[in-house]
Amino acid sequence: MSTQHTQSSTTVPHGAFIRFLATMDRRWIFLAMMLAVGMPILLKLRPPESPGPLSNATFAAIEHLPAGSRVLLSFDYDPASEGELQPMANAFVHHCASKGHKLAFMALWPLGAQKANETVNTVLKPFHPEYKLGVDYCMLGYKAGNEGVIKVIVTDLLQQYSTDASGTPLGEVPMLKGVSNIQAFDLILNVSAGYPGAKEWAQYATSAYPDAFSLLVGTTGVQSNQLYPYYPTQMKGMLVAIKGAAEYEVLVNAKYGNTPAIVAAQRMMSSREGESASENASGDTPESGVPAILQEGQRRMGPQLIAHLLMVTLIVLGNVVYFATRSKGATR
Amino acid sequence: MRRLLQICVSCVPVALSLSGMCLAQVDAPPPLTGLTVADKAGDDGRALIVHWDATTPPMQVWVSRSLGDDERKSLVRDARVDAAAKAIAAGASKAEAEAAADAAERAFGQDAERGWTFVGITESADGVSGFELSDLPEAAQGFRVRAQASRDGVRSSAVESAQPVVTESSAFFSARFPLMVGLAVLTITIGICVRSAQRGNIPRLRKIAALDAFDEAVGRATEMGRSVLFIPGIQDMTDIQTVAGLTVLSRVARTTAEYDATLEVPTTRSLVMTAARETVQSAHFAVHRPESYRPDLINYITDEQFGYVAYVAGKMVREKPATCFYMGAFYAESLLFAETGNSIGAIQIGGTAEPSQLPFFVAACDYTLIGEEFFAASAYLSGEPAQLGSIRGQDIGKLIAAVIVVLGTALATVGAFAPEGSAAAAATWIVGALS
Amino acid sequence: MLKRTIPLFITGAAGGILILAYFSPATTNWGEVVTDWMNTLAAVAFILGGGNLLFVNLEKISSKRSGWAYALVTLLAFVVTLAFGVLKIGAVPNAQFPATPWAGDYESVRAPFGWVYEYVLSPLTATMFALLAFYVASAAFRAFRAKNIEAILLLGTAFVILLGRTAAAGILTGWISPEGPFAFLRLDTMAVNIMQYVSTAGTRAVMMGIALGIAATSLRLILGIDRSYLVND
C-alpha cells in the first residue's frame, strides 16, 4: 500500500516520536482502531449508560400506549447500517411485544423486509412465543415507491398492500380487520438509515395527519442533524445511533429484561443447545439474566467509547505534529 | 331451593339486558350534530372538508365516506371473482360459478353497509371539530360522509351528510401558490440577469479554487501518464445532482480529450452510463478529437452501493489514478472513496449537495465544491455570459430568501414577548403563507 | 437538428410539464406520463447496463487483461445470483401450493438466493461499511489541525461531540447537576445542544443555498441556457 505522509511537503522535525508521527503509515492508525474496537469486545467493557431526554421520550411514548394498541414498524435500512440500527430495532420489538401491542412490519428499503424477518425470528419468536402470525403481528413486506408509498397508505393501505408478504389478503389477517389505512394505527416506529425513511415519515405521515398517530424514530448518527427539527412536534421521540439504542435498552431492560417469558425462553434455549448456547443467550453479565441480543446496544458502547477516545487522542497527536512542524519551520 | 334457582336463572337475561341498557345509556356518547360537508377549494377535486359542532368533553370521531363509482365497480368485481373462485373450488360448473358471481353482486347491492368505506379517526374537542378528507379516488363525483362520536370504545349512532357533495378541480393548487410565486420571481430574475449578461453586463464571480484546479489536476494526470477517475455519484438521472455532475463531466472530458489523458467513469446506474457516454462523446467532438473517445472506459458496475464502492476502491488501489473527481450525490461511500484516493496520493476534487457528506469531502479531498458551488460549477467553467448571468439571478434569489428569514426571525422573536401584538400576527402570517 | 434541437425540446417540454403538473391539477396526469416514460427508459437502460457488465468482463477475461480474475469472479457472481433469483432455484415450497415450484419462497435462507443474501451479501456490505471507522480515524488525524480560529472551533466541537456521545461525558462532567444552572456545561447536554441548534442552523443555511442552486440549474437546463451535455454540431 502506498502511503500518504501527513507532512510530505514540510520538513520532518527532529525527535523520534514526532518524526514517527509525522511519517506514520496510516496502517498504524488502522491497527489502533482495530484494537480500540476489538479489545473492549473481548474484555466485555460496558460503560454505564444514563438515558437522556430523547430516549426517555421514546420509552414513554410506547410505554403509555394502552396494551393491544396497533403499532406499524417500518424497517428502512439494510445490512450496511445494521451495526448501528439493529439493537434499537430489537429493543423496539421487545418493548412493544412486552406491552402486548399488535405489530405490523413493513419496509421501504428492499433489504429492510429481510431485517424485519430477522428481528421477528431472533427477538419476537424466542422471547414472546405467545405472539401468533396474523393475530398479534403481521409481515407486510417491502413496497417500492419511496415516499409515494407513505402518501398512499396514510389514506388507503389496501392500494399498496392488497396482501401481506406471504400472499394472504389483508382482509383475512385478523389483526388488520377493519383497517383501511394506517391512521388506524396508534404509533409508527421507523428505523431509518436514510432516504426514504424518517424524514419522509415525518413529512408525509405525521405532518399531514398530526392527530392520527405518533411517530418514533431510530436513526443513524449521520442523518440525525436533519431530523432534529422534527422533534418533538412531528416525532415524539428519537433514538440517535448506538448511543440512543443503548440508553433505550437500559430503560426497556429495567422493566422487561428479565420477565418470566424470557427466563423460560432462555431455559429452553440452553436445554436445547447445551451450555454454550446458554452463554450466548444470556448477557455479558450473566447475573442480569437479560438475553445478550437485548443488550447489544450497551455492549457496542464499550468499543464506541474507546474508539472515540482514540479519535480524540489522534486529533491531539495530529496537532502536536502540526505545531512541532510549524515551530521548526518558524525557527528556521 | 330449586324455585330460588329458577328465579335467579330467569332473572339473568333481564339483569343482563338492563345492565346493557345502563351501559349504553352511560357510555355511548351523543350523536354528532351540525355535520356539514363541503368541497375543498383550490385543489385537484379530491378532498372534502367535514365539520361538526364542537364536542364537550373531547372524544374521537370515526369518519366514513361513500364509495366512488370506480371503487364500487372494483369491489363488485372482486366479490364476483371471490364467489366464482370459491364455487369452482367446491366443484361447481362454469354456469354455477357464474350464478354464484351474480348472487354475490346482488348481495353487494343489497348490503347498504358495503357502499361505505372507513376513512379515519380524528380527535374532536372545543375548537377542533373538523376533518379534511383527502385523496378521494376520483374528482367531480358526489360523495356522502358519515361520522360517529366515540368514547371509551363505544360509538354513538352514525350521522350522515344530507346530500352528496360533488368535488371540483381548481385551475391551480392554492396551497402551492406561494411556491409558484417564488419560482416565478426566481425565473424572471434569472431571465433578466441572463439578458443583461448577454448584452455585455457580465457578472464577475469570485474565484472558486476547486474549479480553477481542474486543468491543473488533469494536466498532472497527463504528465504522470495515469488516468483520471470521475465518479458521478450513486444516484440515477432523476437526481439533479447527477445531472449537475454530468455537466461538470462535460468540462473534465473536454480537458482530458485536449490533453489526451485517459478518463474513466464507472457508474452505479445504467441510465447514468448512457448519459455519461453521450456527454464524453460530445466533449470529444467539441475539441475535434472524436477518434480518442473510448466508450469502454465508461461502464455500469452495479446498483448496490457497497458493491460499487468495492469495485471503485479496488480499481483505485490497483491502477492509482492521478486525479479523482467526485461530483454528484454521495452517501456513506464519500469518505471511503476520498480516503482511498488520499492513500494513493491522487489529487481529489469533490462536489456534492448532501449536507451530511460535505464534512467528509472537506476533510479528505484537496478541493471541495460545497452545495450551491457544485450547481454553479458548470456555469462557472463554461464562461458563457448567459450561464454566468444565471448565477447572479440565483444570488438575488438567495438575498430575497435571506431577507425573509431575517424578517421572520425578528418578527417571531418580538412576537414571543408580545403574543397578542402585530409582530406575532405577522410572523404567523409568514409561516402560514410559506408552509 | 437531431443532436441538439430535439434533445433541447425534449428537456424543455418534460421539465416544463413536470413544473406545471406540480402547480395545476389539470396537468397532473401529464406529469405522471412523463415520469412513466422516464421509468420505461430506465428499465430499458438496465438491460443495457447488464449487457455492458457482461461484455466488459467477458472481454477482459478473453484478452487476459490485468485483473481478469476479478472479472471472472464478478461474472460468476452475477450469473449465479441472477439464476437463483430469476429461476427461483431451490425455492422453499409454498405450503398452499407445494406442487408449484414457482410459488416457493426464494428469499428464505433455506433457498440459495436467500442464503446468498444472508451469508454473502450482508457480511460483505457490513464489512465495507465498517471500513468507515478506520477511514474516519485516519482522516481525523490528518485533517483536524488548529490552523486558525475557525479550525479551533471545529476542533472543539469535534471533542465535545466525540466525548458527549459516550460514557466519557458522564465520567468527566457527570458531577454537574442536570437540573442546576450549569447543566449546559455537561458534555452530553452540550453535544445535544450543538447538534440540535448550531448544526441544524448551519445545515438549514446550506440547504437553502442548495435548493436555490437546484432551481437555477433546473431552469438553465429547461430553458436551454446550459447545453454542455449536448453534442456540438
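Conventions we followed
Residues numbered from 1 in each chain as written. Chains lettered and ligands numbered in written order. Predicted model: local features only at pLDDT ≥ 70, side-chain atom pairs only at ≥ 80, totals over all residues. Heavy atoms only, no water. Domains from an automatic or database assignment. pLDDT = per-residue confidence, 0-100. Helix = DSSP H or I, 4+ residues; strand = E, 2+ residues; numbered from the N terminus. Pairing = 2+ DSSP bridges. Axes fitted to C-alpha atoms, helices over the stretch in contact; angles between N-to-C directions. Contact = heavy atoms within 4.5 Å. Salt bridge = Lys/Arg side-chain N within 4 Å of Asp/Glu carboxyl O. Buried < 20%, exposed > 50% of the residue type's maximum accessible area, 1.4 Å probe, protein only. Buried area = accessible area lost by both parts, 1.4 Å probe. Polar contact = N/O pair within 3.5 Å; in protein donor to acceptor, adjacent residues only side chain to side chain. Nonpolar A, V, L, I, M, F, W, Y, C, P; charged D, E, K, R; others polar.

**So, the domain arrangement of chain B**
Stage number 1. Domain annotation of chain B identifies domain 1 (28–166) and domain 2 (202–383).
Stage number 2. Between the C-alpha centres of domain 1 of chain B and domain 2 of chain B the distance comes to 55 Å.

**Quick word on the confidence of the model for chain C**
Caution applies to low-pLDDT regions: their predicted coordinates should not be interpreted in detail.
Stage number 1. Looking at chain C as a whole, its pLDDT mean stands at 87, while 97% of the residues score no less than 70.
Stage number 2. Per-element averaging of pLDDT across chain C places helix α2 (residues 28–62) of chain C at the bottom with 87 and helix α3 (residues 68–86) of chain C at the top with 92.

**Comments concerning the sheet that holds strand β12 (residues 263–267) of chain B**
Sheets are built from strands paired through backbone hydrogen bonds, the pairs being either parallel or antiparallel.
Residue and element names in this part refer to chain B.
Stage number 1. Taken together, the six strands give an open sheet; going across it, the order is β13-β12-β11-β14-β15-β16, and neighbouring strands pair in parallel fashion. If you trace the sheet from one side to the other, it starts and ends with β13 (298–300) and β16 (367–370), each paired once. Between one strand and the next, the sheet's axes are offset by a mean angle of 15°, whatever the strand orientation.
Stage number 2. Here strand β11 (residues 228–231) pairs with strand β14 (residues 323–327) via four bridges, running parallel. Paired with V228 across the two strands is T323, which belongs to β14.
Stage number 3. Along the sheet face, helix α9 (residues 305–319) touches β11, β12 and β14 and points at about 160° away from the line of β12.
Stage number 4. Across the sheet, helix α12 (residues 372–382) is in contact with β14, β15 (347–352) and β16; its angle to β16 comes to roughly 100°.

**Concerning the pattern of salt bridges**
Stage number 1. Considering all chains together, one arrives at 29 salt bridges over all chains under this definition.
Stage number 2. Here R27 of chain A ties to D25 of chain A by a salt bridge, and the two come within 2.7 Å at their closest N and O atoms.
Stage number 3. With a relative accessible area of 40%, R27 of chain A lands in the partly exposed category.
Stage number 4. Given a relative accessible area of 16%, D25 of chain A falls into the buried group.
Stage number 5. The salt bridge partner of K243 of chain A is E247 of chain A, with a shortest N-O separation of 3.3 Å. With K243 of chain A and E247 of chain A both in helix α10 (residues 241–256) and four residues apart, the pair spans about one turn of that helix.
Stage number 6. The class of E247 of chain A is buried, set by a relative accessible area of 8%.
Stage number 7. Several salt bridges share partner residues, and in doing so they unite R80, E98, D102 and E105 of chain B into one network.

**Quick word on the interface of chain B and chain A**
Stage number 1. Facing 18 residues of chain B, the contacting portion of chain A comprises 14 residues.
Stage number 2. Interface of chain B and chain A: buried area, both sides summed, is about 1,400 Å²; carbon and sulfur atoms make up 46% of it.
Stage number 3. Along the contact surface separating chain B from chain A lie one salt bridge.
Stage number 4. Across the contact surface, chain B and chain A share two residue pairs in polar contact (both at pLDDT 80 or more).
Stage number 5. Counting residues per element, the ones that place at least two in the side of chain B that touches chain A are β4 (116–124) and α10 (333–343) of chain B.
Stage number 6. The class makeup of the residues in the side of chain B that touches chain A is seven nonpolar, eight polar and three charged.

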